[in-house]
Amino acid sequence: MINVEIDKRILDVCPAMQIGLLSADVVNGDTCNELWQEIEDEAAKIAQGYELLAINQRPAIAATRKLYKAFGKDPGRYRVASEALCRRIVRGLGLYRLTTLIDVVNLVSIKSGYPISGLDASKIVGDTLRMGVGEKDEPYCGIGRGQLNIEGMPVYRDAMGGIATPTSDEERTKFTLETTRVQININAFGLEMPLDEAVDWTAALLEKYAQASNIETTIKTFK
């Protein structure tokens, strides 16, 4: 299991934060109809359960937005990924059908409210991820976004640099159809869905849809 360290500045804002860590061997592919039906069913619950302006009041999303504001980042301009997904649903725009690994992460994210870092473990450099605060002009290529301004965002860095923020993961470590080992971090800056349930559900989904094996899980606390 990869080691995770957190900058004290982040813990000062979110002292009770926890991270659900999961690694597994997997087989990625096109999202099957059964998984997509699970996503559509959960999306229907989100659409029925939330008004647009209430999404950012979900505890997990509100806590992440609070962290952005603490470091001078506008969470309305740089939306937390779980919030952005739920907003698309409530606005009737739907979600994109992508690959099994991406869609499993998206399913857990919309149900739990947590921003989730989904990483190709083979592309992580070193044995430690350190979450710090993004710096001015720090290089970071968000998936499908190009250069992303991560100044003031919480950011995971490996030995080469930034690879994940609550807004977008980085191109370098993204899931592809060739991904065979995953590192998934469920980032609970504030608790909503019980974190052990979110981790166990993610593992079960990966077993069911991505032939997951050699699964390792733990919950990291920092008190």
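Asker: Describe the pairing of strand β8 (residues 161–164), with residues and values.
Answerer: Note: strand β7 (residues 154–158) against β8, 3 bridges, orientation antiparallel. By the bridge assignment for β8, Arg157 is matched with Gly162.

Asker: Describe in detail the environment of Glu207, supporting the description with residues and values.
Answerer: Position of Glu207 relative to the elements: it lies in helix α6 (residues 195–210). For Glu207, a relative accessible area of 48% corresponds to the partly exposed category. The sequence separation of Glu207 and Ala24 amounts to 183 residues, and the corresponding C-alpha distance is 9.3 Å. Those residues within four positions of Glu207 in sequence are excluded, and the remaining contacts are Ala212 and Ile215.

Asker: Just give me the short version of the pattern of salt bridges, but keep the residues and values in it.
Answerer: In total, this model carries 16 salt bridges according to the counting rule given. A salt bridge links Glu5 to Arg130; its shortest N-O distance comes to 3.0 Å. Of this pair, Glu5 sits in strand β1 (residues 3–6) while Arg130 sits in strand β4 (residues 128–133), and the two are 125 residues apart along the sequence. Look at Arg130 and you get partly exposed, because its relative accessible area is 44%. Of the charged contacts in the structure, one is a salt bridge between Lys174 and Glu171, with a shortest N-O distance of 2.8 Å. Under the relative-accessibility criterion, Glu171 is labelled partly exposed at 26%. Linked by salt bridges that have partners in common, Asp25, Arg181 and Glu216 make up one network.

Asker: Let's hear about the side chain of Glu138: which residues, and what values?
Answerer: With respect to the secondary-structure elements, Glu138 resides in the loop between β4 and β5 (141–142). A polar atom in the side chain of Glu138 sits 3.0 Å from the backbone nitrogen of Glu135. Residues contacting Glu138, with those up to four places away along its chain left out, are Gln147, Leu148, Ile150, Arg157 and Gly162.

Asker: How would you summarise the nonpolar core if you had to cite specific residues and measurements?
Answerer: Judged by nonpolar contacts, the single largest core of 38 residues is most densely connected at Tyr114, Val182, Ile184, Ile186 and Leu206. Residue assignment for this core shows that the elements contributing at least two residues are β2 (18–25), α2 (33–49), α3 (59–70), α4 (81–90), α5 (100–112), β9 (181–188) and α6. A total of 8 residues in this core trace back to one element, the largest contributor, which is α6. Sequence-distant contacts of Ile184, that is, excluding residues within four places in its chain, are made with Gly20, Leu21, Leu22, Val105, Ile116, Ser117, Gly118, Phe175, Thr202 and Leu206. Counting 20 residues, the second-largest nonpolar core is a separate cluster that includes Ile10, Ala63, Leu119 and Phe189.

Asker: Provide a residue-level description of the side chain of Asp169, including the pertinent values.
Answerer: By secondary structure assignment, the location of Asp169 is in the loop between β8 and β9. Buried charge without a salt bridge: Asp169, with Arg145 as the nearest opposite-charge side chain at an N-O distance of 9.7 Å. Engagement of the side chain of Asp169 in a polar contact is seen with the backbone nitrogen of Gly118, the distance being 3.1 Å. With near-sequence residues (within four places) excluded, Asp169 lies in contact with Ile116, Ser117, Gly118, Leu119, Tyr140, Cys141, Gly142, Ile143, Ile163 and Ala164.

Asker: Which residues make up the packing of α2 against α4, and what values go with them?
Answerer: With their axes 8 Å apart at the nearest point, α2 and α4 run at an angle of 80° to one another. Here α4 runs roughly perpendicular to α2, going by the angle between their axes. Facing α2, whose interface residues are Ala43, Ile46 and Ala47, α4 presents Cys86, Ile89 and Val90. In terms of residue class, the contact of α2 with α4 is built from 6 nonpolar, no polar and no charged.

Asker: Go over the sheet that holds β9 with me, naming the residues and quoting the values.
Answerer: Pairing within the open sheet is antiparallel, and its 4 strands lie in the order β3-β9-β2-β10. In the strand order of this sheet, the two ends are held by β3 (116–120) and β10 (213–221), each with one partner. Pairwise comparison of adjacent strand axes, ignoring direction, gives a mean angle of 15° for this sheet. Relative to β9, β2 runs antiparallel, the two being bridged by 8 bridges. The residue bridging Asp25 from the neighbouring strand is Arg181, located in β9. The strands touched by α6 within the sheet are β2, β9 and β10, with β2 carrying the most contacts at an inclination of about 15°.

Asker: Any chance you could break down α2 for me, citing the residues and the numbers?
Answerer: Note on helix geometry: an α-helix contains 3.6 residues per turn, so any two residues three or four positions apart are oriented the same way. Over its 17 residues, α2 runs 24 Å from end to end, which matches the ideal 24 Å to within 8%, given 1.5 Å per residue. Buried within α2 we find Leu35, Trp36, Ile39, Glu42, Ala43 and Ile46. The arc enclosing the buried residues of α2, seen along the axis, measures out at 125°, which places them on a common side. Residues of α2 that are exposed and angled more than 90 degrees away from the buried face: Asn33, Lys45 and Gln48. On the buried face of α2, the contacting elements are α4, α5 and α6.

About the thresholds
Residues numbered from 1 in each chain as written. Predicted model: local features only at pLDDT ≥ 70, side-chain atom pairs only at ≥ 80, totals over all residues. Heavy atoms only, no water. Pairing = 2+ DSSP bridges. Helix = DSSP H or I, 4+ residues; strand = E, 2+ residues; numbered from the N terminus. Buried < 20%, exposed > 50% of the residue type's maximum accessible area, 1.4 Å probe, protein only. Contact = heavy atoms within 4.5 Å. Salt bridge = Lys/Arg side-chain N within 4 Å of Asp/Glu carboxyl O. Polar contact = N/O pair within 3.5 Å; in protein donor to acceptor, adjacent residues only side chain to side chain. Core = buried A, V, L, I, M, F, W, Y, C linked by side-chain atoms within 4.5 Å. Lys, Arg positive; Asp, Glu negative; His and termini not counted. Axes fitted to C-alpha atoms, helices over the stretch in contact; angles between N-to-C directions. Parallel < 35°, antiparallel > 145°, perpendicular 65-115°, else oblique. Nonpolar A, V, L, I, M, F, W, Y, C, P; charged D, E, K, R; others polar. Expected span 1.5 Å × (residues − 1). Arc of directions from axis to C-beta.

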